[in-house]
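For reference, the chains in residue letters:
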Amino acid sequence: MIKEGVFLGKRYEILGRIGSGGMADVYKGKDHKLNRYVAIKVLKSDYRSDEVFIQKFVSEAQAAAGLMHPNVVNVYDVGQDRGLYYMVMELVEGITLKDYIEKKGKLSAKETISISIQMVTGIQAAHNRHIIHRDIKPQNIIISKEGKVKVTDFGIARATTSTQTISASVMGSVHYTSPEQARGGHVDERSDIYSAGITMYEMITGHVPFDGDSTVTVALKHLQEEIVAPSEEVPDIPYSLECIILKCTQKNPEKRYSNCEELLLDLKRSLVDPDGDFVLTGGAGAVGSDRTVVMSTEEIDRIKNGQYSADDDYDDDDDYDDDYDEDEEYEDDDYDDDDYDEEDNGDYDDRRRKQDVNPDTKKIMRILMIVAAVIIAFPILFLVGNAVGIFRGPGLATTKEEEQATVPDLRGMTEDEATKALNDLGLGIKVENERVPSNEYDEGEVVSSDPSAGEKVDLHTQVSVTLSSGEEAQTTKVPNVVGKEESDAEKMLADANLKVAKDSDYSDDVEEGYVISCDPGVGEEVDEESTVKLVISLGSQPAEVPSIEGMSQSDAEAALSNAGLSGSASEEYSDSVEAGVVISQGTAAGKKVTKGTTISYTVSKGPEMTVISVPDVTGMDRNTAEKTLQQAGLTASFAGEEYNDAPAGQVFYQSVSSGTQVEEGTTVEFWVSLGEEPAPEPEQPSTDNGTGDTSGQDGSESGTDTTAQQ
């Protein structure tokens, strides 16, 4: 978790975490360059070590950053700072569609259509820029407090499918994934339309059409089972809306809407003519498709053995905290069910009765569907059983040659042509995510395959193909743009057939608006059309004046020095502020100033005191001296007595000379004379007899005799 106050890219301030998902944490932040609040999505540490994922994440996010639309949570910026990869997005306060459905149970038909129109409009804006979302689900649809529907997380879902290390994470959205996405096949705009159809189904019924104990179970249902018509749970659903949902969720992409424009047209017509029969289905009925997908044993094993791991579910339900206020509930007044008047309901009932003229027909259709499912399931069971040897016996023995096929030469074919050629031989196809440059094959044509042409492989084997990204890029050298003005540097790079990405930073050496550095560096050999990142100077970084009031003078000087500033102190008396403490500062705290600026401030001298001239107390006796000093407003202090030439009992010295100007209450010490020091007494003659014994011959002490004599 990132602490509050941290800056990313020297521009975005972290204000606090507002959500967390399986792949990223979301923070509320402030863009100090444009002075606006933003949402900052920061990748979790689990994904920062995967270079392939990081590269895809950055490129897809940069593409999404160019997508600006009212029905899209717009991406403003993407970057990396101190090992943190982040995406800066529009901050939307509201509620996810998933939470909204759970709150209401299920939505009315008109509300479902109106929300779907805004949702599909956002998806269409992305498709127009050739961006496929790949993870449309209610958790990625935000309803703002103003009722605006916005699609979020463009660029992230696609990045998650670009590397094997996290390919399972996309299956956190398995309830909404398209059959071709579940198979690992080719994904295009129609995959987003399928997911949008599942989302519409959940809005109108209150639950997803397929559920199970594991992601594998749900994925297989998407591949093998038909969706139950919404009218079986919501009898009053408008006929046109049901047809729209069923067309969106066809298992065969060819049976779905080919683009969002067609889907939007039908959704808008459904608002006007709820029971109109204008939805064109691509097959015999709205529910069925032209064929059921039959998976190879390898595909079934891949699903069960790791592609879809329940432990790796990716779910960004918590990307946004619910800043949703009960009193600011998403307005559905515009979607009032009363708009369907009794006359419309009457027409609808008439139309419904015509549909149900023969109730046995519905039973027959169900029986036929069950029989068809059994017929379809039998080959799958046979293939699985045959793979493990259950059905192998004398009557079912096959030769190795009959179970193999020769990989054709796919070079030069388009993806669709290669798919058809392999499928005709009973083989599958896997298109590698990374394309390679080629001067021999046009963009989108097969460059190579693995296994290669002519090799024999078992039936149902997937052949990996690599597509061309176009002609090989020519190389060029990065021109010397360092020190150039921003516009001039961009022109120089454009002339060198290079793309430009920009960042900014403060510099004391480079003037604002000029290039500080570039990556790759000047003179490096790079491919044409590659991107060169310029760092543009913001000028000298301003210093923020700290608050020094209440500090001691030494602390104030240290605080100013740490901020790159200098201080100039003055003093004045203060009755309220202790001496030595800063009373005020000349420049307000928090103001931005140029580094090196001198900040003036005032230091307290404490309360102002009365000045007194010290009187002369020498020659006075002790009591008179004390009284004289006290009457002058000073503090008298008797320091002691000493021998002195002055007469005994008189003051001969004071600590502060007479006439000196001092503050009232100052202590003055004084000393009193003991008179002249007396002469020392003469020494007594020694009675030592040379032996060190001063006693008399009779053993008595001589001192005793002397005393007696005296």
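Residues numbered from 1 in each chain as written. Predicted model: local features only at pLDDT ≥ 70, side-chain atom pairs only at ≥ 80, totals over all residues. Heavy atoms only, no water.

## Some words on the overall build of the chain
What the chain contains, in helices and strands, is 17 helices and 29 strands. As presented, the chain carries roughly 37100 Å² of accessible surface, and 46% of it is formed by carbon and sulfur atoms. (Helix = DSSP H or I, 4+ residues; strand = E, 2+ residues; numbered from the N terminus. Areas by Shrake-Rupley, 256 points an atom, 1.4 Å probe, with all protein chains shown as cover.)

## Here's the deal with the packing of helix α8 (residues 239-248) against helix α9 (residues 260-272)
One way to put it is that α8 packs onto α9 with a least axis distance of 9 Å and a crossing angle of 160°. The pairing of α8 with α9 is recorded here as roughly antiparallel in orientation. Pair α8 / α9 crosses with left-handed handedness. From α8, S240, L241, I244 and C248 reach across to α9, where they touch L263, D266, L267 and S270. Split by residue class, the contact of α8 with α9 holds 5 nonpolar, 2 polar and 1 charged. (Axes fitted to C-alpha atoms, helices over the stretch in contact; angles between N-to-C directions. Parallel < 35°, antiparallel > 145°, perpendicular 65-115°, else oblique. Left-handed = near helix turned anticlockwise from the far one by under 90°. Contact = heavy atoms within 4.5 Å. Nonpolar A, V, L, I, M, F, W, Y, C, P; charged D, E, K, R; others polar.)

## Section: the pattern of salt bridges
By the definition in use, this model includes 21 salt bridges. As a salt-bridge pair, D153 and K41 come within 2.7 Å of each other at their nearest N and O atoms. In this pair, D153 is assigned in the loop between β9 (149-151) and α4 (156-160) and K41 in strand β4 (residues 36-43), connecting sequence segments 112 residues apart. For D153, a relative accessible area of 3% translates into the label buried. Given the relative accessible area of 2%, K41 is considered buried. In this structure, D409 engages R411 in a salt bridge whose closest nitrogen and oxygen atoms are separated by 3.1 Å. (Salt bridge = Lys/Arg side-chain N within 4 Å of Asp/Glu carboxyl O. Buried < 20%, exposed > 50% of the residue type's maximum accessible area, 1.4 Å probe, protein only.)

## Focus on the packing of helix α3 (residues 109-128) against α9
Helix-helix packing is characterised by the crossing angle of the two axes and by the distance between the axes. In the contact formed by α3 and α9, the axes pass within 9 Å of each other and the chain directions differ by 160°. By the criterion of interaxial angle, the relationship of α3 to α9 is roughly antiparallel. Judged by the twist between their axes, the crossing of α3 over α9 is left-handed. Of the residues in α9, those in contact with K110, I113, S114, S116, I117, V120, T121, I123, Q124 and H127 of α3 are C260, E261, L263, L264, L267, K268, S270 and L271. When the residues that make up the contact of α3 with α9 are grouped by side-chain class, the tally is 9 nonpolar, 6 polar and 3 charged.

## A look at the side chain of N71
Note that N71 resides in the loop between α1 (51-65) and β5 (75-81). By relative accessible area, N71 is classed as buried at 8%. Of the polar contacts made by the side chain of N71, one reaches the backbone oxygen of V149; its length is 2.9 Å. (Polar contact = N/O pair within 3.5 Å; in protein donor to acceptor, adjacent residues only side chain to side chain.)

## What about the side chain of S604?
Here S604 shows up in strand β24 (residues 598-604). Judged by its relative accessible area of 2%, S604 is buried. Looking at S604, its side chain comes within polar contact range of the main-chain oxygen of V577, at 2.7 Å. Looking at S604, its side chain comes within polar contact range of the main-chain nitrogen of G606, at 2.9 Å. In contact with S604, other than residues within four places in its own chain, are E572, S574, V577, E578, A579, G580, V581 and I583.

## As for a negative patch on the surface
Among the surface-exposed residues, E485, D488, E511 and E512 lie close enough to one another that they form a single negatively charged patch. By secondary structure assignment, the location of D488 is in helix α14 (residues 486-495). What makes D488 partly exposed here is its relative accessible area of 40%. (Patch = residues over 30% accessible without salt bridge, like charges linked within 9 Å, V, L, I, M, F, W, Y side chains within 5 Å. Lys, Arg positive; Asp, Glu negative; His and termini not counted. Charge placed at Lys NZ, Arg CZ, Asp CG, Glu CD.)

## A word on unusual backbone geometry
The omega torsion of the bond from D450 to P451 falls at 0°, within 30 degrees of zero and hence cis. Within the secondary structure, P451 is located in the loop between β12 (446-450) and β13 (456-458). With an omega dihedral of 0°, the bond running from D519 to P520 counts as a cis peptide bond. Residue position: P520 is located in the loop between β17 (515-519) and β18 (525-527).

## Concerning the confidence of the model for the chain
Averaged over the chain, the pLDDT score is 80; the fraction of residues at 70 or greater is 76%. Confidence over residues 159-172 falls short of pLDDT 50; this stretch has 41 contacts with residues more than four positions distant or in other chains. Counted against residues more than four places away or in other chains, residues 283-294, with its pLDDT under 50, gives 24 contacts. (pLDDT = per-residue confidence, 0-100.)

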